[in-house]
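Close look at the chain arrangement
These are the residues of each chain, in order.
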Amino acid sequence: MMGCGIAVALISCDDDENGYAVSGDAIHIVSNDLIFPAEGTTAVVQVEVAGTLEATVDADWCTASVSGHMVTVTAEANYGFDGRTALLTLKSGQASRQLPVQQLGMVLDMPMVVSGHYSPREGEEFSLTIVHNVPMTATTDQTWLHPVVDGNTLHVKVDSNVGGHIRRGQIVCACGEYIDTLRVAQFDLRDDVVGSYYMMGYYGGNGGMASATRFDIILRHDSLLMHWPQERYANAYVHIPIDRSTCTLFIPSGFTLYRDSRSVVSGYFYDTNGTVATTSGAGAMARLFYVESTGYNSATLEAANWSGHTLSGFILRNSSIVTTTLIQLGSPVLIRVGPVGTELE
């Protein structure tokens, strides 16, 4: 939720109770309703007056005009969360009267602030409730996304993904200067995520020649598992969570692969100061993108749930007998090269 409208005290009444006699009594209020909704609108004040009537207002968000004995007040949309007030001054000769003008604050509740949306490859239509009391727009720079605002509902049509690769888009919803973004990821879990991966980087840290270590991500009972395919690590797996709304993998630091109840290999991430991530739940975030020039799904690894740290590298250690470093990669990236069993060309 981005906020809620805060209304000022509301006053609505007729005749002498509505307004304040500043001087004289020649201006008589017949009808008056100057409480505006946040979206803005027009209201009419009807008066009885013997002479020529003049009207002014002391705020730039509303205007007043006179036609005979009718005063038309127009308020712009209020894109602030607080209510606001102004004074309408009526004059005729030596007589004058002031009337309060009030407008409610904006109400805006966008649920997209906490998540994105996953769409299957075949496309779909979905809707979200976005409560608002001011005009709202929804725009996107993707031709395969079609957002439409209908009252408090955002309808989105997602075209089928004929290209067959991961694609991402965003829908920007705006109410005045307040905006929120709904991120949409469209992919197929089996074709785009499950497969053989290489974690690549610079051997020995941030310098030296490029190197890599391979592992597989497999799907078992709708859960993703990471497996090092070398024979000595056979049947050793670790669970890899995925955020489907962003097509982002989470690789925990300090993960350990076991075989026959024995620890066989452990992987750790470290930051730019060489500090190893041992915080519970810390690790690396890999947001997969399809790179057209290579034909691979790739991701730069970034620190996840590791506040204040910038991920710099990865260490793979053999911990079955004597702990030794098997590989150390600086500036690691993740590349999916194809289905399980695919080697890097």
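Predicted model only: the values in this text are computed from it and were never measured. (Residues numbered from 1 in each chain as written. Predicted model: local features only at pLDDT ≥ 70, side-chain atom pairs only at ≥ 80, totals over all residues. Heavy atoms only, no water.)

**Concerning the overall build of the protein chain**
Defined as follows: Working definition: helices are DSSP H or I runs of at least four residues, strands are E runs of at least two. Numbering for both runs from the N terminus. Think of it in three bands: with a 1.4 Å probe and only protein chains considered, a residue is buried below 20% of the maximum accessible area for its type, exposed above 50%, and partly exposed in between. By definition, residues are in contact when any of their heavy atoms lie within 4.5 Å. All accessible-area figures derive from a Shrake-Rupley calculation using a 1.4 Å probe, and residue coverage is judged against the displayed protein chains alone.
Scanning the protein chain from terminus to terminus reveals one helix and 32 strands. A total of 345 residues make up the protein chain; the buried ones form 44% of that total. Here the contacts in the protein chain between residues at least 6 apart in sequence split such that 61% fall between residues at least 24 apart. Approximately 17000 Å² of the protein chain is accessible, and the part contributed by carbon and sulfur atoms is 49%.

**Here we look at the sheet that holds strand S14 (residues 137-140)**
Rule in force here: Pairs of strands are assigned from DSSP output, requiring at least two bridges between the strands. Axis angles are defined between N-to-C directions and span 0 to 180 degrees, where every axis is a line fitted to C-alpha atoms and, for a helix, only to the segment in contact.
Pairing is mixed across the open sheet formed by four strands, whose spatial order is S11-S18-S17-S14. Two strands lie at the open edges of the sheet, namely strand S11 (117-119) and S14, each paired on one side alone. Each strand of the sheet is rotated relative to its neighbour by a mean of 25 degrees, with strand direction disregarded.

**A look at the packing of aromatic side chains**
In plain terms, the rule: Each Phe, Tyr or Trp ring, with Trp reduced to its six-membered ring, pairs with another whose centre is within 6.5 Å; inter-plane angles below 30 degrees give stacked pairs, above 60 give edge-to-face pairs, and intermediate values give tilted ones. Look at NZ for Lys and CZ for Arg. If either is within 6 Å of the ring centre and within 35 degrees of the ring normal, a charge sits over the ring.
Scanning the model with the defined rule gives five aromatic pairs in all. Their ring planes at 15 degrees and their centres at 6.4 Å tell us that Phe-255 and Phe-314 sit as a pair that is stacked. Of the two residues, Phe-255 is situated in strand S25 (residues 255-259) and Phe-314 in strand S31 (residues 311-318); the sequence distance between them amounts to 59 residues. The buried category is assigned to Phe-255, whose relative accessible area is 4%. By relative accessible area, Phe-314 is classed as buried at 0%. With a centroid separation of 5.1 Å and 50 degrees between ring planes, the pair formed by Phe-269 and Phe-314 is classed as tilted. With Phe-269 in strand S26 (residues 262-271) and Phe-314 in strand S31, this pair connects stretches of sequence that are 45 residues apart. No difference in accessibility class separates Phe-269 from Phe-314, as the two residues are buried. An aromatic cluster of three or more residues is present, and its members are Phe-255, Phe-269 and Phe-314. The ring of Tyr-118 has Arg-244 lying over it, and the distance from NZ or CZ to the ring centre is 5.8 Å.

**Some words on unusual backbone geometry**
Of note, the phi angle at Cys-247 is positive, near 55 degrees, even though the residue is not glycine. Relative to the assigned elements, Cys-247 resides in the loop between strand S23 (242-243) and strand S24 (248-252). Given the relative accessible area of 0%, Cys-247 is considered buried. With phi around 55 degrees, Asn-305 is a residue other than glycine that occupies positive phi space. When you line up the elements, Asn-305 lands in the loop between strand S30 (302-304) and S31.

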